[in-house]
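Survey of secondary and tertiary structure
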Amino acid sequence: MDTIADFLTRIRNASLAKHKLLEVPSSKIKKEISDVLLENGYILSYKIEKSKKTIKIALKYFQGKTSVIQHIIRISKPGLRKYCKYKNLPRVLNGLGIAIISTSNGVITDKQARKKRIGGEILCYVY
């Protein structure tokens, strides 16, 4: 089972249903993706609960109506991994969205990867 795809689907479904809080099972990669989403303003906050081993994510909305995350799309899948060099990293919506990349320096955005001149696995697009 693809845990990252499940995580992204839960975020997508919660934002479409206009939920304020989302609770997902915790893992290191999900925490790092949540860090990137928080840094780029796609979520309000997140909290890791060690007792239940879950991550609680507070979703962000424009004036309480439309979700900040319009689309969140899984790119690299377990059956077909997508790797990219830093020169060929994609620009999501001509720079308005972000691509989340798993690199040797951790999980970062496409803009940070270009600046550091490192490539990696393209996990997902967010816009």
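Residues numbered from 1 in each chain as written. Predicted model: local features only at pLDDT ≥ 70, side-chain atom pairs only at ≥ 80, totals over all residues. Heavy atoms only, no water.

Take helix α2 (residues 28-39) next. Side chains of residues three or four places apart in an α-helix project in the same direction, reflecting 3.6 residues per turn. With 12 residues, α2 ought to run about 16 Å at 1.5 Å a step, and its terminal C-alpha atoms sit 17 Å apart, in line with that. Considered for burial, the residues of α2 that qualify are K30, I33, S34, V36 and L37. The buried residues of α2 occupy one face: seen down the axis, they fall within an arc of 160 degrees. For α2, the exposed residues lying more than 90 degrees away from the buried face are K28 and E39. One or two positions beyond α2, positive phi appears at G41, with a value near 80 degrees. (Helix = DSSP H or I, 4+ residues; strand = E, 2+ residues; numbered from the N terminus. Expected span 1.5 Å × (residues − 1). Buried < 20%, exposed > 50% of the residue type's maximum accessible area, 1.4 Å probe, protein only. Arc of directions from axis to C-beta.)

Strand order in the open sheet made by the 3 strands is β1-β3-β2, with antiparallel pairing throughout. In the strand order of this sheet, the two ends are held by β1 (21-25) and β2 (43-49), each with one partner. For this sheet, the mean inter-axis angle between neighbouring strands, taken without regard to orientation, is 20 degrees. One ladder, built from 6 bridges, connects β2 with strand β3 (residues 54-59); its direction is antiparallel. Each bridged residue has a counterpart across the sheet, and for E49 the counterpart in β3 is T54. Running at roughly 165 degrees to β1, helix α1 (residues 3-16) makes contact with β1 and β3 of the sheet. (Pairing = 2+ DSSP bridges. Axes fitted to C-alpha atoms, helices over the stretch in contact; angles between N-to-C directions. Contact = heavy atoms within 4.5 Å.)

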